[in-house]
Amino acid sequence: MAPKILLIDDEESICNLVRMHFQTEGYLVYTALDTEEAAQAFSHDPDLILLDINLPETDGLEFCRRIRNHIDCPILFLTSRVTEQDKITGLQAGGDDYITKPFSLAELTARVEAHLRREGRARHGSTKMSGELFIDYAGRCVYCKEQAIPFSKKEFDIIEFLSH
């Protein structure tokens, strides 16, 4: 399935440019011109968010702080604020990366791909729960009612394959 990007920027020209570029690269791209539209677009369950700081009503920093506890995908700021303090503030607000305008589409694409790769590795090493069953992929253990269930390497590999 194609990775999903949510682009939140009040400049329609940037939304159109970035959307067309990433669609050409095989991504599904959803755009929002403000935080209200962005909140509605979360129903698409994005894999990555590109977020401008200078937005009408609620700025991107405040929006990032509000959503960070509910959204675990990478958030990359895409903004014209260029000072070192702006970058620090963006990262402290919950951003995972900070890209300044004007930007290169090639660099933006490379950063997006790097974050998505990192997310894929993290999810592969994560855990999964279903009722009283708990799978710890990183520890290669399965627990039922908090009791470890021993599996051979091959058996666990099959469990891992079937449960993803």
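Everything below is about the structure printed above this text.
In what follows, the accompanying structure is described. Note that the structure is a prediction, hence the values are computed from the model and not measured. (Residues numbered from 1 in each chain as written. Predicted model: local features only at pLDDT ≥ 70, side-chain atom pairs only at ≥ 80, totals over all residues. Heavy atoms only, no water.)

**So, the sheet that holds strand β3 (residues 48–51)**
The criterion, for reference: Should DSSP find at least two bridges between two strands, the strands are regarded as paired. Secondary structure elements are taken from DSSP: a helix is a run of H or I of four residues or more, a strand is a run of E of two residues or more, and numbering for both begins at the N terminus. Axis angles are defined between N-to-C directions and span 0 to 180 degrees, where every axis is a line fitted to C-alpha atoms and, for a helix, only to the segment in contact.
One open sheet accounts for five strands, arranged β2-β1-β3-β4-β5; its pairing is parallel. If you trace the sheet from one side to the other, it starts and ends with β2 (28–32) and β5 (97–100), each paired once. Put simply, the sheet's adjacent strands are angled 20 degrees from each other on average, direction ignored. The pairing of strand β1 (residues 4–8) with β3 spans four bridges and is parallel.

**Points about a nonpolar patch on the surface**
Convention followed: By definition, no residue in a patch forms a salt bridge, and every one has over 30% relative accessible area; like charges are joined within 9 Å, nonpolar side chains (Val, Leu, Ile, Met, Phe, Trp, Tyr) within 5 Å. We get accessible surface area from the Shrake-Rupley algorithm with a probe of 1.4 Å; when it comes to residues, only the shown protein chains can shield them. In what follows, salt bridge is the name for a side-chain nitrogen of Lys or Arg lying within 4 Å of a carboxyl oxygen of Asp or Glu. A simple rule labels every residue: compare its accessible area, found with a 1.4 Å probe on the protein chains alone, to the largest value its type can have, and call it buried under 20%, exposed over 50%, or partly exposed in between.
Together, L133, I149 and F151 make up an exposed nonpolar region whose accessible area comes to about 220 Å². Within the element layout of this structure, F151 appears in the loop between β9 (147–149) and α6 (153–163). With relative accessibility at 37%, the residue F151 sits in the partly exposed group.

**Overview of helix α3 (residues 60–67)**
In an α-helix, one full turn covers 3.6 residues, which means residues spaced three or four apart are oriented alike. Rules: Along the arc lie the directions from the helix axis toward the C-beta atoms. Throughout, a contact is declared for two residues whenever any of their heavy atoms are within 4.5 Å.
Along α3, the residues classified as buried are G60, L61, F63, C64 and I67. Considered in projection along α3, the buried side chains sweep an arc of 165 degrees and stay on one side of the axis. Contact partners of the buried residues in α3: β1, α2 (35–41), β3, β4 (75–79) and α4 (84–92).

**Comments concerning the environment of E36**
In this fold, E36 is placed in helix α2. Sequence spacing of E36 and L17 is 19 residues, and the spatial spacing of their C-alpha atoms is 21 Å.

**Description of the pattern of salt bridges**
Per the stated rule, a full pass over the model turns up eight salt bridges. Residue E62 is joined to R65 by a salt bridge in which the shortest nitrogen-to-oxygen separation is 3.7 Å. Residue E62 and its partner R65 are located together in helix α3, separated by three residues, close to a single helical turn. Judged by relative accessible area, which is 36%, E62 ranks as partly exposed. Since its relative accessible area comes to 40%, R65 is described here as partly exposed. The salt bridge partner of R111 is D97, with a shortest N-O separation of 2.7 Å. Residue R111 is located in helix α5 (residues 105–124), and its partner D97 is located in strand β5; the two are separated by 14 residues in the primary sequence.

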